[in-house]
Every structure is written in C-alpha cells, then in structure tokens.
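Coordinate analysis (summary)
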Amino acid sequence: MDFSQFLSYIASGTVYTVGVTLIALPAGLLIGTILALLYVYGGKVAARVMNLYSTVFRGIPPLVLLFILFFAVTRGVNLSAFWAGSLSLGMVSSAYQMEIVRGALLSVSGDQLMAARAVGLSRLQAIRYVVLPQAVRLAIPPWSNEAAIVIKDSSLVYALGVPEILRRAQLIGASSQRYLLAYLSAAIIYFLLVYATTRLLNHLEQKLSIPSNP
Amino acid sequence: MPKPILTIKNLTKIYGQNVIFQNLNLTVNEGDTVVIIGPSGTGKSTLLRCINLLTRPNEGQIWLDDLEITAKGTDEDQVRQHIGMVFQNFLLFNHLTALGNVKLGLTKVKKMSEEEATKKAMHELSRVGLADRANHYPGQLSGGQQQRVGIARALAMDPRVMLFDEPTSALDPELIGEVLEVMRKLALDGMTMVVVTHEMGFAREVADRIVFMEKGHIVEEGSPDEMFNHPKFDRTREFLWKITELYGKKEKEAE
Ligand SMILES: Nc1ncnc2c1ncn2[C@@H]1O[C@H](COP(=O)(O)OP(=O)(O)O)[C@@H](O)[C@H]1O
Ligand SMILES: [Mg+2]
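Starting afresh in each chain, residues are numbered from 1 along the sequence in its written order. Just so you know, chain letters begin at A and ligand numbers begin at 1, following the order they were written in. Residue-level local features of this predicted model are given only where pLDDT is at least 70; pairs of side-chain atoms are given and counted only at 80 or more, and the full residue set underlies all totals for whole chains, interfaces and linings. With hydrogens and water set aside, each side-chain value is computed from the structure's full complement of heavy atoms.

**Things to note about a nonpolar patch on the surface**
For patch detection, residues must exceed 30% relative accessible area and be free of salt bridges, and they are connected within 9 Å for like charges or within 5 Å for nonpolar side chains (Val, Leu, Ile, Met, Phe, Trp, Tyr). Only the protein chains shown count as cover for residues, and all accessible areas are computed by the Shrake-Rupley method using a 1.4 Å probe. We count a salt bridge whenever a side-chain nitrogen from Lys or Arg sits within 4 Å of a carboxyl oxygen from Asp or Glu. Residues Ile188, Phe191, Leu192 and Tyr195 of chain A make up a contiguous nonpolar surface patch of roughly 440 Å² in combined accessible area. Per the convention used, a helix needs a DSSP run of H or I reaching at least four residues, while a strand needs a run of E reaching at least two, with both numbered from the N terminus. Summarising the element assignment, Tyr195 of chain A is placed in helix H9 (residues 179-208).

Here it is as structure tokens:
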C-alpha cells in the first residue's frame, strides 16, 4: 500500500467527522440558545434548572456522557451509532453553548432592553429585534472556540464504532503497523478542519461587525 | 384652563428596605416643560421610570390624560409608546443605523410599512438636524448626535409627553448646546416635557415650572422666576446657587 492510499483511507473518515460536527454543533446551538433564553428571561425557577443542567453536563467527561446518552437513547429508539453519537455530542455541547449565549445575552440586556421597551416594544420584540442581533455578534468569538472543541470531540464517537478519522487511523495503523504515521495523518486532517472553521468564523465576525469610528 | 396630561398622586416607590419616595404628587399640564432638579440619588430617575412603567411603583396612581396607567391590567406596551423617553447614556440600539433606530418602533410597534416608516423616520431625523447622518451607526456618531437620534427615536412615536433623564450630563461641554437647542425647539413647538437636568440656563429660559426634589420629597416648585429670585426655602436657594456655580463654570470653560 502506498502513502496516498494510506492517507486517503484515513481522510475518507472526514465525511463522518464533518457529519458528526454538522449535527452536533447546530443541535447544541439550538438547544443551548433556547436554554439560555429560558435561563436569562425565564424567571428564578428556570434559571435554577438551567444552572443545574449546565453544571452537571460540564462536570462530566464528554466520553462518559456520550456512553450514557448513547445507551439511554438506543434503549428507547433504534438509532445508528452515528446519529446517537452526534446527538449526544450535541447535548454535551449545548451546555457550553448555553453559557456562551447566556453571557452574550446578559452583556447586551439591561439597558438595551429597557430602551427598546421604552419605545413600546414588547418584551419578546425587544429580545428578538434588539438583544439577540447584538448578542449573536458578541457570541461569535467564544462560539468559534466551541466549534473547534466539537470538531475535536467528534473523534469520541470512534468509541461507538463510527468509522471517522481517528477510528480509521487506528485500523490502518494496526494493519500496516505504521501507527505514528497513521495518527500524524489524523492529526493533520483534524488540524486543517479546525483551522478552516476558525478562519471562516473569524471572517464572519469581521463581516458582521458593526461599523464604528475608532 | 390648563389640561393635565400627567397626573401623579401619592406615588411611593420602595426598593427592598429603601424608600425612594413616598406620597409624591405632581401634575404636568399640556404643553408645559417641567424641569426637575435635585441632588443625585434623590429618586429623579426612578420617578421617570415609574411614569414610563419601566418600574412599578409600590403605591399611588399615575394618569396619562384620563387613563390610569398604574391600574391593574393596563397594557404597558401600549402606554409606553405614548410616553417618549430620552436617556442619559443615549441607549441607541448599537446594531442599527440612526434611521434604523428611529424606524424600529414605527415598524414593530406602530406596524407601519417599510416605506411609510422610512419617510416618518427621515422627517424626525431632519427635525433634530441629522438627516445627513441617517445611515451612520451609533458608533460613528458624536455623543451629541447620538442623543439627538435618541430624541428623534422617541419623537417618532408621536408621544403625548417626553421624559428626559439628564440628557446632556454624559456629553462633553461643547456638545451640550446642540442637544439643548433641539429640546428648546421642541418646547416651543408645544411638546409636553418632563426634564431632569442641571442645565440652569435651559431651566431658566424654557421651563414653565421647576421642581426641586431632595431625598424623595418635592421641596419646592414654582416658575423659574420664583425659584431663582425668591425661593421659599433656603434649601432651594442653596441648591440652585450650588449648581449654577458648578455648571456655570463648565459652560464658561466650553466657550
Ligand atoms: N433598580 C434599583 N434597585 C435598587 N435600588 C435602586 C434601583 N434604582 C435606583 N435605586 C436607588 O434609588 C435611589 C434613587 O436613585 P435614582 O432614581 O437613580 O436617583 P437620581 O436619578 O435622583 O440620581 C438611589 O439610592 C439608588 O441607589
Ligand atoms: Mg438619575
């Protein structure tokens, strides 16, 4: 087997890595945003529940949570390892994304919300048209960080048998006995994915930035 | 016969254990400019926020025209669009242009069409002399310009009364004049205004009534002539003397 075959075998796992990320990240964003809105605007009880959710999910290693959620989910419904793994990672990420969105909401809220209500906007309108658009912009840098983490954590679904990059690196490493090369190849692919994503989000941040004079 | 627009009766506001004001009474007549002065921490901002229902008073009533807005079941959003508010720190929506700031209430609250709202918003921006800055974001405007956009944003809703909470105290001295000029014009146009300010020149010239508040009480109120030239209480005289001295100096420096 020559090197290009070797590399392309590992790289073909990228489809799964990207797939897992593209499910986990938006799922985490959706859940995280809803939970953050409940946290900030939902009153004391909701805030407590959300705080608990966040503390628990962030206090357990992602791999352990992945196994728990995987076995809990697949007991009830028949899901492939790929879907179960992706959604579980999304749940894990939702706790972190909730904190990101919450932080952004809190730093915009207050005065801006008051100004919007003073004009006559309802609470919901004020959040929708004044707070959220500004919070999104604030959230991009920390969110970019979380995106990088999710890409890297997507390697965890390897433990469920999903043939993503790391899993393939391990397989071909074992069969060819060229472990170092296999893992180095995997590392390079992960790095490129993270790098490209970060650059893309950086670009988005610039593009969405609100014009101002220095 | 003057017609009251704003009637405040026995208003009490308590934060925790802290009584901000108690049994406060105030009437604002149509077309009047009432200037409220008083040391900081006296409850002036809190009073304005109560009027605008941004915070709820513990007791007492407020009427806007004939409607008791403190009554249970009042549609707060409905009330607020009839009361304009201008803040010390401008509080423009940072992600929207000057035009966007003025338009938001028109499209979302008044449900105007995009076109109608743009027309109305441009009209309001010209009223404050900023039509040429319509497409600038708050971060691209000077403090004075931001505050004028803030005024235009409130005016656009065609409020019955405008509340100003120290509209010039966050501004550099050289930018105060342009904002006061807009407010002076508004008063001349017959807008009903409640203005918390320490700009004594403005108070003297524009106010129909000056209200001196201290520690949650209205110590004294009267026409500028009464307040400046023969106040009933020493406290009033002392306070007026102090701020005229203080702010007068600042004005001089600005020249
Ligand atoms: N949201 C709040 N919670 C608790 N105390 C407040 C709040 N807002 C204002 N206060 C208190 O009420 C008092 C009056 O404040 P304020 O109305 O801002 O006075 P002024 O505008 O005259 O300077 C101050 O002692 C302030 O600390
Ligand atoms: Mg104040």
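Moving on, there is more to tell.
**With respect to the interface of chain B and chain A**
Residue contacts are defined here by distance: any two heavy atoms, one from each residue, within 4.5 Å place the two residues in contact. On the chain A side, the residues contacting the 24 residues of chain B number 21 residues. Taken together, chain B and chain A are joined by 1 salt bridge. Close ionic contact of Arg117 of chain A with Asp77 of chain B constitutes a salt bridge, the shortest N to O distance being 2.8 Å. Of all the secondary-structure elements, those providing two or more residues to the side of chain B that touches chain A are helix H2 (76-80), strand S6 (83-86) and helix H3 (98-108) of chain B.

**Looking at the packing of helix H1 (residues 3-11) of chain A against helix H8 (residues 165-176) of chain A**
Residues and elements named next belong to chain A. In this analysis an axis means a line fitted to C-alpha atoms, helices contributing only their contacting stretch, and an angle means the value between N-to-C directions, from 0 to 180 degrees. Look at H1 against H8: their axes get within 8 Å of each other, and the N-to-C directions meet at 145°. From H1, Phe6, Tyr9 and Ile10 reach across to H8, where they touch Ile165, Arg168, Ala169, Leu171, Ile172 and Ser176. When its residues are assigned to classes, the contact of H1 with H8 shows 7 nonpolar, 1 polar and 1 charged. Under the scheme applied here, ten amino acids are nonpolar (Ala, Val, Leu, Ile, Met, Phe, Trp, Tyr, Cys and Pro), four are charged (Asp, Glu, Lys and Arg), and all others, including Gly, are polar.

**Topic: the sheet that holds strand S8 (residues 192-196) of chain B**
Residue and element names in this part refer to chain B. Any two strands with at least two DSSP-identified bridges between them are counted as paired. In spatial order, the strands read S6-S7-S8-S3-S9-S10; together these 6 strands make up an open sheet with mixed pairing. Lying at the two open borders of the sheet, with one neighbouring strand each, are S6 and strand S10 (217-222). In this sheet, neighbouring strand axes are inclined to one another by 20° on average, regardless of whether the strands run parallel or antiparallel. With 5 bridges connecting them, strand S9 (residues 209-214) and S10 associate as antiparallel partners. Bridged to Glu214 within S10 is His217. Relative to strand S7 (residues 161-165), helix H1 (residues 44-51) is tilted by about 150°, and along the sheet it contacts strand S3 (33-37), S6, S7, S8 and S9.

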